[in-house]
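Understanding the architecture of this molecule
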Amino acid sequence: MSGVLVFFVNGKKVTEVSPDPECTLLTYLRERLRLCGTKLGCAEGGCGACTVMVSRLDRRASKIRHLAVNACLTPVCAMHGCAVTTVEGIGSTRTRLHPVQERLAKAHGSQCGFCTPGIVMSMYALLRNAEQPSMRDLEVAFQGNLCRCTGYRPILEGYKTFTKEFACGLGDQCCKVNGKGCGSVSDETDDKLFERSEFQPLDPSQEPIFPPELQLSEAFDTQSLVFSSDRVTWYRPTKLEELLQLKAQHPAAKLVVGNTEVGVEVKFKHFLYPHLINPTQVEELLEVRESPDGIYFGAAVSLMEIDALLRRRIEELPESETRLFQCTVDMLHYFAGKQIRNVACLGGNIMTGSPISDMNPVLSAAGAQLEVASFVDGQIRRRTVHMGTGFFTGYRRNVIEAHEVLLGIHFRKTSPDQYIVAFKQARRRDDDIAIVNAAINVRFAEHSNLVAEISMAFGGMAPTTVLAPRTAQLMAGQEWNHQLVERVAESLCTELPLAASAPGGMIAYRRALVVSLFFKAYLAISLKLSQSGVVSSDAVAPEERSGAQTFHTPVLKSAQLFERVCSDQPICDPIGRPQVHAAALKQATGEAIYTDDIPRMDGEVYLAFVLSTKPRAKITRLDATAALALDGVHRFFSYKDLTEHENEVGPVFHDEHVFAAGEVHCYGQIVGAIAADNKALAQRAARLVNVEYQELSPVIVTIEQAIEHKSYFPDYPRFVTKGNVEQALAQADHTFEGTCRMGGQEHFYLETHAALAVPRDSDELELFCSTQHPSEVQKLVAHVTALPSHRVVCRAKRLGGGFGGKESRGISVALPVALAAYRMGRPVRCMLDRDEDMLITGTRHPFLFKYKVGFTKEGLITACDIECYNNAGWSMDLSFSVLERAMYHFENCYRIPNVRVGGWVCKTNLPSNTAFRGFGGPQGMYAGEHIIRDVARIVGREVVDVMRLNFYKTGDYTHYNQQLEHFPIERCLEDCLKQSRYNEKRMEIARFNRENRWRKRGMAVVPTKYGIAFGVMHLNQAGALINIYGDGSVLLSHGGVEIGQGLNTKMIQCAARALGIPPDLIHISETATDKVPNTSPTAASVGSDINGMAVLDACEKLNKRLAPIKEALPDGTWKEWINKAYFDRVSLSATGFYAMPGIGYHPETNPNARTYSYYTNGVGVSVVEIDCLTGDHQVLSTDIVMDIGSSLNPAIDIGQIEGAFMQGYGLFTLEELMYSPQGMLYSRGPGMYKLPGFADIPGEFNVSLLTGAPNPRAVYSSKAVGEPPLFIGSSAFFAIKEAIAAARQDQGLSGDFPLEAPSTSARIRIACQDKFTKLLDMPEPGSFTPWNIVP
Ligand SMILES: Cc1cc2nc3c(=O)[nH]c(=O)nc-3n(C[C@H](O)[C@H](O)[C@H](O)COP(=O)(O)OP(=O)(O)OC[C@H]3O[C@@H](n4cnc5c(N)ncnc54)[C@H](O)[C@@H]3O)c2cc1C
Ligand code: FES
Ligand code: FES
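Here the structure is a predicted model, which is why all the values come from computation and not from measurement.

1. Some points on the overall build of the protein chain
Scanning the protein chain for helices and strands turns up 39 helices and 48 strands. Rg of the C-alpha trace for the protein chain: 31 Å, near the compact-globule value of 34 Å for 1335 residues, within the 12% margin. Dimensions of the protein chain along its principal axes, counting C-alpha atoms only, are 95 × 75 × 75 Å. Classification of the 1335 residues of the protein chain by burial places 65% in the buried group. Considering only residue pairs separated by 6 or more positions, the protein chain has 77% of its internal contacts joining residues 24 or more positions apart. Working note: accessible area of the protein chain is about 46400 Å², and carbon and sulfur atoms make up 51% of it. Of the charged side chains in the protein chain, 135 are positive and 148 negative, and the gap between their average positions amounts to 0 Å.

Okay, here's the thing in structure tokens:
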């Protein structure tokens, strides 16, 4: 056996003599080969940031296969004989961009850019397999990629240009080719965000070839390999006997095919498998054999290959024979993402035996036959086992023994009277594991609807996939009709119970799903029976038929309309034009450097954290001896390394600790840190630190518990009042008391928190940090190291997203890293793993609102008394400010003359919650939108009419005494209603709801008003520095941080107009505290407003100095003027400064000042369809009209609107944080926490910018845009609520029902009560400990 690993990366041969079997391809690329274009986003195959293309010669088929794979799960040892292509290997800004890179960047599909290389590589791999893919191919290709910034629309828009569907048949006349656009463009508006005619054509002949060396030598496939480290040995046998012998010798060895189960166990459960066997070169496991009975797949054949062959046979064979094949491909479509399916095998799925496996229910219901082999008494023994009753023997166990290997699986053809269907319900349709899945396999007596035999298997209901034999027995010999359904439903409820505390939670929902999925199967099979004439065509009532269907991703339709620049605007003036993000090309080629991409330095160590495993406890012992005993571990840091004062930190109030001091207040609090030679070692050592605790009580997790224990931060509650609430409520025609509640939200920036600290001299520190607030990091690093601020420099070049999560929480990582670097005199680095980041850094604040509203019989609101509670976690962080914004935004766009708003900051044992795009505004407005709907319902009027009646008018005052100037909400509303064809859709929806019992539609309009300014007065300032060099190039620095929002691009545009030069003469390198001091965080949406004004100030100074020179040389060029200025000894460097005027409202000391400089408004309309049986939903359309003044850059602004909408959509409908009753976060990665994916974009997504609405209060008449559109995402939530109301109306139930956000499939299903949910007997709340609670 040989031990040299050989593979190619981007055409270059890599030879590794002793590869580490525990090393992933991602780590190898990033750390050994310094190819940092491939990013780490999650390490669990759930985000796609690490996507690369692996090419392999399939010698049996004489074909080179190109596969997109997740490098984070691919063992580098598995790469023997493969060619790996990374984003750096296909193009670069210095040589030639690949069309895949160019189109993504120029279509504005890259904001922060952290997801971009992965998306580029998914598309590249697709094009290597299909020169002209279909839109469905695109849908599949991106199932495994996430983007948190763009909202996906621009990515699809750019990549659509590669597809078959792109040219619409009109040839040269097509609007997409001639560039005239399809939308309702006019003289004032434009709809072309990018110029497709500029795109380079795709020329497949230019692609790199597969390395000839790998083609020529068969040894790459036939060689048996062994790679060993001191912990793990990797075997790659190439013969079955060799494989079976190894398994006989090491029965506990893991077989590694796709490594998508094993890799996750090793990384997150910290399992150590000393023997790993890679069987992918063993012919018997790759065999595909067809026979008249069906198809046999070797256990290591990838899911994608299975899918492809089954699809071909479905097309060729009679439908009745391929029902199992069809059911399998339907299931595989929703099985993980393409990167996983490209490598994962069926054997791995069966053998893992996860209770929520997708294929096990199908194969169990089908009674699939498995071939198994082992090596016993010197020979190969084979046997056959059947899946079905008795196959699974316990959690992740089955009848196949440890020394045996699964060889393959038979997929039988179905008989004409046999039907098999399967359904899967997950949190998110694409790339998610099931909550419950079901497969029903029924055979009828010939040409009848009498059940001859039935097998039903369910996942998600027990520690294994389970069958329902008792119910099946009851069905035998019965007619397949509605009466049978009633009996089956009752029987399934008792046969598949679920304990009230069962892991996974959602007990009622899961139980309801069992019955509902069976009913869906019943409908689907009944429709087939009626199609084949076995039962009458009216066996299923027309209104029930859609109940059999599931949602499919529609092909995206979209339009973006924005104001055209004046025809006399000079062509080189970029303001108002859709300029491409300044770093987009670098981001698309992987050249853009993020914090962790900075090359390793001499002597550098990695810092890993020891985290609290208790919600509230005294630390009784803290012992790092075992950790420090490991070779390569250098030091342990804890509170003992700091004075009490130095250890006390926090963004505003110093109520936190760098390291827990004696007591911990939540799970995930940082107790200590280990510095070691590398990440894996540091993390392993950190797990060896012995921390003992004495638990304390009470543990407070939820807002309700905080209210019960009066656990509030000091000085709360606070109140804001206007008018006389009591009196107005007493005089109102109607009053209504309501509550509403919404959960938190994980930021899920694709780049987790990262910091690198480098000691300079003996008393200086330089930090590279993924922070939205470099000055705060600088200040607090100075605090913990006892250095003056002028010895600390904090730099932030770009962030892979922030969304508020890196405004104040960056200190959790930066401070220990800086301290360690300073104390050790060595560079120290840390980039949190995704699970650590989610556990440590807090979320958006969950909120609870209780309100009493008074209104007239027409629906005019006269008074509101409202209580706002936010769940702050254990320290204050920015929670006071978040609460204040919620209290100032609760009335949204509605004038309420008498108001009392109370606010409580609840102190709980959760990680400190923090800023998140919208900063309490969306939570406040969420209450307002409940109120307006309550009023409309009670007075029996249309919601839109009640909105119109209550809208603020220009000149009105808010409850914090701000007068509204230029308040365009009615215009936004009318434009949006028109754009969305609101009235027409209302009628269509009413008709749809009449005609469908199990599908319902709803539509909702949501307006928004978002105040622009920091709530804290002194932050509303900014600085800039402009240096002009002798060659005329301009280096611009400002106080804002580029977090993907396009701030640098806009600042370049502003400077270009102000200086009268082309934007490409201007460069922004980084944000650094030694260039612009005392900066404010890049937050509150004011980045462009305040930094833009500071940039203009600096430009004005320079223009003034240059004016005499320009006057003297009127025909000179910029370069000549600069040259002259230099020789004339004119300073070519200027600082700029801006302080936002007129703000600083305080009810007592400054009552006439503004709280906000101005407001950004908008309106959105969404139409949603729900599946009442499963709770699944789809957004059919969204229309948005935003007033963002005169847009500085419509491409970037529309990108912000779409990205914010999708993030808001996630907040209100999809993203659910799951906590244990003790406050431990369960959802610590993309596997369990679901952000919207590509398939979740509204089917039709139209965005218009209001025209003719310049804003006098911001740079070049623009308006802030980052946060305001987020709340429009709630239009999907309110539309879902409408749809549920329609379902409830069919049942004669009230339209007044609670629905908490996010409106997950579980909440939707349970709110749609029906005959099935009535069957569920649920224990009383309080009589058991639930698995999870909602904070
Ligand atoms: C992001 C992500 C999404 C996922 N989504 C889904 C999903 O939607 N639905 C779903 O069901 N699963 C899902 N999974 C789980 C996983 O992808 C599947 O179970 C997959 O089929 C495992 O195959 P593999 O080749 O990667 O297994 P590996 O990790 O290589 O092996 C898994 C186990 O199977 C054993 N094994 C493999 N082959 C054999 C054999 N021939 N004989 C004996 N033992 C064998 C190994 O010893 C090991 O214990 C997901 C996983 C990830 C990481
Ligand atoms: S880092 Fe590999 S999929 Fe997220
Ligand atoms: S651009 Fe996609 S995550 Fe930021």
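From this point, the discussion proceeds with the structure in view.
2. Focus on the sheet that holds strand E3 (residues 51–58)
The mixed open sheet is built from five strands, whose spatial order is E2-E1-E5-E3-E4. Pairing within the sheet leaves two strands with one partner each, and these edge strands are strand E2 (12–16) and strand E4 (63–70). Neighbour to neighbour, the strand axes of the sheet diverge by 30 degrees on average, direction disregarded. In terms of strand pairing, E3 meets E4 through eight bridges, oriented antiparallel. Residue pairing in the sheet places Val 52 in a bridge with Val 69 of E4.

3. Some details on unusual backbone geometry
The omega torsion across Tyr 716 and Pro 717 is 15 degrees, close enough to zero to call that bond cis. Looking at the element boundaries, Pro 717 is found in the loop between helix H24 (703–709) and strand E31 (718–722). Here the amide bond leading from Ala 1301 into Pro 1302 is cis, since omega sits at 5 degrees, within 30 degrees of zero. Looking at where Pro 1302 falls in the secondary structure, it is placed in the loop between helix H38 (1274–1290) and helix H39 (1305–1311). Positioned with a positive phi, His 447 is a non-glycine residue whose angle comes to about 50 degrees. With respect to the secondary-structure elements, His 447 resides in the loop between strand E19 (434–444) and strand E20 (451–459).

4. Regarding the site of ligand 1
The local shell around ligand 1 holds 33 residues, among which Val 257, Thr 260, Glu 261, Asn 349 and Asp 358 are the closest. Within the backbone of Asp 358, a nitrogen or oxygen atom sits 2.7 Å from an oxygen atom of ligand 1. At a separation of 3.1 Å, an oxygen atom of ligand 1 approaches a polar side-chain atom of Lys 424. Protein chains shield 93% of the accessible area of ligand 1, which is 990 Å² for the free molecule. Residue assignment for the shell around ligand 1 shows that the elements contributing at least two residues are strand E9 (254–255), helix H10 (262–268), helix H15 (346–352) and strand E17 (405–412). If one sorts the elements of the shell around ligand 1 by residue count, H15 sits on top with five residues.

5. Re the side chain of Asn 870
Along the chain, the position of Asn 870 falls in strand E38 (residues 861–873). Leave out the neighbours within four places in its chain, and Asn 870 touches Ile 703, His 845, Pro 846, Phe 847, Ser 879, Val 882, Leu 883, Trp 904, Val 905 and Cys 906.

6. A closer look at the pairing of E17
Counting buried positions over the eight residues of E17 gives six, a clear majority of the element. Judged from the five bridges that link them, strand E12 (residues 294–298) and E17 form a sheet pairing that is antiparallel. Its bridge partner being in E17, Phe 297 is matched across the sheet by Ile 409. Note that strand E13 (residues 369–376) and E17 share four bridges and pair antiparallel.

7. Brief notes about the sheet that holds E13
Read from one edge of the open sheet, five strands run E11-E12-E17-E13-E14, paired in antiparallel fashion. Each edge of the open sheet carries a strand with a single partner, namely strand E11 (288–291) and strand E14 (379–386). Direction aside, the axes of adjacent strands within the sheet are offset by 20 degrees on average.

8. With respect to the packing of aromatic side chains
On inspection of all chains with the given rule, the structure shows 37 aromatic pairs. With a centroid separation of 5.4 Å and 50 degrees between ring planes, the pair formed by Phe 1205 and Phe 1245 is classed as tilted. Of the two residues, Phe 1205 is situated in helix H37 (residues 1194–1214) and Phe 1245 in strand E48 (residues 1244–1249); the sequence distance between them amounts to 40 residues. Taken together, a centroid distance of 3.9 Å and an interplanar angle of 5 degrees make the contact between Tyr 1226 and Trp 1331 stacked. You can see Tyr 1226 sitting in the loop between H37 and E48 and its partner Trp 1331 sitting in the segment after H39, a full 105 residues away along the chain. By the ring-pair criterion, three or more aromatic residues cluster together here, those being Tyr 419, Phe 444, Trp 480, Phe 518, Phe 519, Tyr 522, Trp 998 and Phe 1316. Across the ring face of Phe 916, the terminal group of Arg 844 is positioned such that the distance to the ring centre comes to 4.2 Å.

9. Overview of the pattern of salt bridges
One pass over the full model with this rule turns up 82 salt bridges. The partner of Asp 1183 in a salt bridge is Lys 985, with the nearest N and O atoms 3.8 Å apart. Of this pair, Asp 1183 sits in strand E47 (residues 1177–1187) while Lys 985 sits in helix H33 (residues 982–995); the two residues are 198 residues apart in sequence, bridging distant segments of the chain. Comparing Asp 1183 with Lys 985, the two get one shared label, buried. Counted as one network, the salt bridges with shared partners bring together Arg 30, Glu 31, Lys 39, Asp 596, Asp 597, Arg 600, Glu 604 and Arg 829.

10. Comments concerning the pairing of strand E35 (residues 792–796)
Remember that side chains alternate between the two faces of the sheet whenever the strand is regular. For E35, the buried fraction is high: five of the five residues fall into the buried class. Burial along E35 is two-sided: Val 792, Cys 794 and Ala 796 facing one way and Val 793 and Arg 795 facing the other are all buried. Examined bridge by bridge, strand E34 (residues 764–769) and E35 share four bridges and lie parallel to one another. The partner of Leu 767 across the bridge, within E35, is Cys 794. Taken together, E34, helix H26 (residues 774–785) and E35 constitute a β-α-β crossover, and its handedness is right-handed. For E35 and strand E44 (residues 1071–1072), the ladder comprises two bridges, and the chain directions are antiparallel. When the sheet's bridge partners are listed, Arg 795 is paired in E44 with Ala 1072.

11. Things to note about the side chain of Arg 933
Tracing the backbone through its elements, the reader meets Arg 933 in helix H30 (residues 921–939). The class of Arg 933 is buried, set by a relative accessible area of 13%. A distance of 2.5 Å separates a polar atom in the side chain of Arg 933 from a polar atom in the side chain of Glu 929. Those residues in contact with Arg 933 that sit more than four places away from it in its chain are Val 943, Met 947, Ala 1004, Val 1005, Val 1006 and Phe 1278.

12. Thoughts on the nonpolar core
Core analysis: the largest hydrophobic core is formed by 341 residues, its most contacted members being Tyr 159, Phe 458 and Trp 480. No other element matches helix H19 (residues 507–531), which puts 16 residues into this core. If sequence neighbours within four positions are ignored, Tyr 159 has contacts with Val 100, Arg 103, Leu 104, Ile 119, Val 120, Met 123, Leu 138 and Phe 142.

13. Regarding the packing of helix H35 (residues 1087–1112) against helix H36 (residues 1118–1127)
Orientation of H35 relative to H36, taken along the N-to-C sense of each, is 110 degrees, at an axis distance of 10 Å. The orientation of H35 relative to H36 falls into the category roughly perpendicular. Our pair here, H35 against H36, has a crossing hand that is right-handed. Facing Leu 1106, Ile 1109 and Lys 1110 of H35, the residues of H36 in contact are Trp 1118, Trp 1121, Ile 1122, Lys 1124 and Ala 1125. Partitioned by chemical class, the residues of the contact of H35 with H36 number six nonpolar, no polar and two charged.

14. Quick notes on the environment of His 645
Residue position: His 645 is located in helix H22 (residues 644–647). When the C-alpha atoms of His 645 and His 783 are compared, they prove to be 8.7 Å apart, with 138 residues separating the residues in sequence.

15. Re the environment of Leu 883
Note that Leu 883 resides in helix H29 (residues 879–889). Sequence separation of Leu 883 and Gly 902 is 19 residues, and the distance between their C-alpha atoms is 9.8 Å. Leave out the neighbours within four places in its chain, and Leu 883 touches Tyr 716, Phe 847, Cys 868, Asn 870, Gly 903, Trp 904 and Val 905.

16. Observations concerning helix H12 (residues 303–316)
In an α-helix, one full turn covers 3.6 residues, which means residues spaced three or four apart are oriented alike. Compared with an ideal rise of 1.5 Å per residue, which puts 14 residues at 20 Å, H12 spans 20 Å between its outermost C-alpha atoms and is within 8% of the ideal. Every buried residue of H12 is accounted for by Leu 303, Met 304, Ile 306, Asp 307, Leu 309, Leu 310, Arg 313 and Ile 314.

17. A short note on the confidence of the model for the protein chain
Low-pLDDT stretches of the model should not have their predicted coordinates read in fine detail. For the protein chain, the average pLDDT comes to 96, and 99% of its residues sit at 70 or higher. In the model, residues 176–182 has pLDDT below 50 throughout and makes 14 contacts with residues more than four positions away in sequence or in other chains.

About the cut-offs
The numbering scheme is per chain: residues are counted from 1 as the chain's sequence reads. Labels follow written order: the first chain is A, the first ligand is 1, and so on. In keeping with the model being predicted, local features are shown solely for residues with a pLDDT of at least 70 and side-chain atom pairs are shown and tallied solely at 80 or more, while totals for entire chains, interfaces and linings include all residues. Hydrogens are left out, water is left out, and the side-chain values use all remaining heavy atoms of the structure. Helix and strand labels come from DSSP, where a helix needs a run of H or I of at least four residues and a strand needs a run of E of at least two; each type is numbered from the N terminus. Put simply, the radius of gyration uses C-alpha atoms, and a globule should come to 2.2 Å times the residue count raised to 0.38. Summary of the burial criterion: residues with accessible area below 20% of their type's maximum are buried, those above 50% are exposed, and those between are partly exposed, where the area comes from a 1.4 Å probe applied to protein chains only. Any two residues having at least one pair of non-hydrogen atoms within 4.5 Å are treated as being in contact. To measure how exposed things are, a 1.4 Å probe is used in the Shrake-Rupley method; for residues, cover is taken only from the protein chains shown. For the charge count, each Lys or Arg is scored as positive and each Asp or Glu as negative, with His and the chain ends excluded. Note on charges: their place is set at NZ of Lys, CZ of Arg, CG of Asp or CD of Glu. Two strands pair if DSSP finds at least two bridges between them. The convention used is that axes are lines fitted to C-alpha atoms, helices contributing only their stretch in contact, and that angles between N-to-C directions extend from 0 to 180 degrees. Working definition: residue near molecule or strand if any one of its non-hydrogen atoms lies within 4 Å of it. Any N or O atom pair separated by 3.5 Å or less is treated as a polar contact, with the protein-specific requirement of one donor-capable and one acceptor-capable atom, and with residues adjacent in sequence counted only for side-chain atom pairs. In this scheme Phe, Tyr and Trp rings, the latter by its six-membered ring, pair at centre separations within 6.5 Å, and the angle between planes marks the pair as stacked below 30 degrees, edge-to-face above 60, and tilted otherwise. Note on geometry: a ring has a charge over it if NZ (lysine) or CZ (arginine) is within 6 Å of the ring centre and within 35 degrees of the ring normal. Salt bridges are defined by distance alone: a side-chain nitrogen of Lys or Arg within 4 Å of a carboxyl oxygen of Asp or Glu. Crossovers are described as right-handed under a simple rule: with the strands pointing away from the observer, the path leading from the first strand over the helix to the second runs clockwise. For this analysis, a nonpolar core means a set of buried residues of the types Ala, Val, Leu, Ile, Met, Phe, Trp, Tyr and Cys, connected via side-chain atoms within 4.5 Å. Roughly parallel here means an angle under 35 degrees, roughly antiparallel means over 145, roughly perpendicular means 65 to 115, and every remaining angle is called oblique. We call a crossing left-handed when the near helix sits turned anticlockwise from the far one by less than a right angle, and right-handed when that turn is clockwise. Under the scheme applied, nonpolar residues are Ala, Val, Leu, Ile, Met, Phe, Trp, Tyr, Cys and Pro; charged residues are Asp, Glu, Lys and Arg; polar residues are all the others, including Gly. Here the expected span of a helix is defined as 1.5 Å times the quantity of residues minus one. Values of pLDDT, ranging from 0 to 100, describe the predictor's confidence in every residue of the model.

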